[in-house]
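Letter by letter, the chains look like this.
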Amino acid sequence: FPEALRTLAKRAGIELANSSYDSVTSSKKEILYKINALALEFYHYILTKHAAGKKGAAYLTDRKINQRVWETFKIGFAPHFGNALSTYLLKKKRLPPQDIVDAGLGYFRGKEVSDFFSGRLIFPLIDHRDNVTGFSGRVIDAKTYGPKYINTRETLVYHKGDQFFGLNIAKEAIRKQNQAVVTEGEFDVIACFQQGIL
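Computed from a predicted structure; not experimentally measured.

**Student:** Please provide a residue-by-residue account of the confidence of the model for the protein, values included.
**Tutor:** This prediction gives the protein a mean pLDDT of 89; 93% of its residues lie at or above 70. Element-level mean pLDDT values for the protein span from 78 in helix α1 (residues 2-12) up to 97 in strand β1 (residues 76-78).

Shown next, in the form of structure tokens:
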């Protein structure tokens, strides 16, 4: 109920005051959505404006994905160097380490928080209410350790089986057409979109 109320208030342009009905779980979800939104901005900035994102930008260019699509899907890049996102969230945004771990963006290595994603293109996973729930990371270099794709681990707001990449962009077209085309992966969705298929 609280999430539905916030969604309706946002549509109507009404600002809600905090009240006692907000549950701890609802509050925690809101915190995770905000942290994920900050991570989206950080990864997208690295890809589009920072030297650390040049490899990711070159990879997308080689695959003929234009920059308008980068912007539409807010594609990002996780730098190769260890704790770039965690350092940003801890030092610049002053977030508690546990919240970063709870969002699935980092993990504890001793007392330090290390980034979950490293050296990967980052695709934000956004629900139909425009909440950033998690991320999918794709390797662009054969030397990068691990599988080709990894997703945010399961969290309070991210459940892999409940998520469709690009749904936030396609939802109006789906409603109008009363049909949807489901593809296998992020690049399939992006390729369709780039050809005018929503």
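**Student:** Can you lay out the pairing of strand β5 (residues 132-139) for me, pointing to particular residues and giving the numbers?
**Tutor:** Where burial is concerned, most of β5 is hidden: eight out of the eight residues are buried. Where strand β4 (residues 120-126) hands over to β5, the hairpin turn is made up of five residues, of which Asp 130 adopts a positive phi near 70°.

**Student:** Just give me the short version of the pattern of salt bridges, but keep the residues and values in it.
**Tutor:** A complete count under the given rule lists six salt bridges for this structure. Here Asp 99 and Lys 28 are joined by a salt bridge, their closest N and O atoms 2.8 Å apart. Linking Asp 99 in helix α6 (residues 97-102) with Lys 28 in helix α2 (residues 24-49), this pair joins segments that are 71 residues apart in sequence. For Lys 28, a relative accessible area of 21% gives the class partly exposed. For Asp 130, the salt bridge goes to Lys 171, with nearest N and O atoms at 3.8 Å. Highlighted residues: Asp 130 in the loop between β4 and β5 and Lys 171 in helix α7 (residues 167-177), separated in sequence by 41 residues. The exposure class of Asp 130 is partly exposed, given its relative accessible area of 43%. For Lys 171, a relative accessible area of 21% corresponds to the partly exposed category.

Criteria and cut-off values
- Residues numbered from 1 in each chain as written.
- Predicted model: local features only at pLDDT ≥ 70, side-chain atom pairs only at ≥ 80, totals over all residues.
- Heavy atoms only, no water.
- pLDDT = per-residue confidence, 0-100.
- Helix = DSSP H or I, 4+ residues; strand = E, 2+ residues; numbered from the N terminus.
- Buried < 20%, exposed > 50% of the residue type's maximum accessible area, 1.4 Å probe, protein only.
- Pairing = 2+ DSSP bridges.
- Salt bridge = Lys/Arg side-chain N within 4 Å of Asp/Glu carboxyl O.

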